[in-house]
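# Descriptive analysis of the structure
The lines below spell out each chain.
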Amino acid sequence: MKQQEDAVRKSIEKQRELEEVEREFRQLKRQQEDLLIRIGSAWRGNLSENKLGVIALDLNQEQRMTQKRLYNLDDQLQAEHKQAKADVERVKEAKADATH
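Predicted model, so just to flag it, every value in this text is computed and none were measured.

What counts, and at which threshold
Per chain, residue numbering runs from 1 following the sequence as it is written. Note on the predicted model: pLDDT of at least 70 is required for a residue's local features to be given, and 80 or more for side-chain atom pairs to be given and counted; whole-chain, interface and lining totals, by contrast, use all residues. Side-chain numbers come from the whole structure's heavy atoms, not from hydrogens or water. Numbered from the N terminus, helices here are DSSP runs of H or I no shorter than four residues, and strands are runs of E no shorter than two. Our radius of gyration looks at C-alpha atoms and nothing else; its globule reference is 2.2 Å times the residue count to the power 0.38. Working definition: with a 1.4 Å probe on protein chains only, accessible area under 20% of the residue-type maximum means buried, over 50% means exposed, and in between means partly exposed. Note on areas: Shrake-Rupley, 1.4 Å probe, and residue coverage restricted to the protein chains presented here. Take a side-chain nitrogen of Lys or Arg and a carboxyl oxygen of Asp or Glu: if they are within 4 Å of each other, that pair is a salt bridge. Where each domain starts and ends follows an automatic or database-derived domain assignment.

This part takes up the overall build of the protein chain. Counting its secondary structure elements, the protein chain contains 1 helix and 0 strands. Against the 2.2 N^0.38 benchmark of 13 Å for 100 residues, the protein chain shows a C-alpha radius of gyration of 42 Å, more extended than a compact globule. Principal axes of the C-alpha set define a box for the protein chain whose edges measure 145 × 10 × 10 Å. Within the protein chain, the fraction of its 100 residues that count as buried is 1%. Put simply, the protein chain shows about 9,800 Å² of open surface, and 57% of that area lies on carbon and sulfur atoms.

What follows deals with the pattern of salt bridges. Per the counting criterion, the structure on display carries 4 salt bridges. Note that E20 is salt-bridged to R23, the shortest N-O span being 2.4 Å. Within this pair, E20 and its partner R23 are both found in helix α1 (residues 2-99), separated by 3 residues, close to a single helical turn. Take R23: its relative accessible area is 39%, and that puts it in the partly exposed class. For R90, the salt bridge goes to D87, with nearest N and O atoms at 2.2 Å. Of the two residues, R90 and D87 are both situated in helix α1; the distance of 3 residues between them amounts to about one turn of the helix. Residue classification places R90 among the partly exposed residues on the basis of a relative accessible area of 47%.

On to the domain arrangement of the protein chain, then. Each domain of the protein chain was delimited in the assignment, giving domain 1 (1-46) and domain 2 (48-99). Taken over C-alpha atoms, the centre of domain 1 sits 73 Å from the centre of domain 2.

Structure below.
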């Protein structure tokens, strides 16, 4: 009888240990799933940041090119203005010389 009680008690203890291990396993599995979700979110976030960074670089490059074109146009306009002013002065001088 004592042996049967000991055997039942050991069986109950092993059952409890098994239940505890199963509970810990489920908890670890939930933690693993949570970690995988966090890693996935971080990766997608990092990927998004990388894409935004590339877009920002493209926009900055486009802005620099547009600004360079504006400076070139401004330089051309100033040169044309100087040329027109010089042409007007030459015409005035030519008229003044013709009238003398």
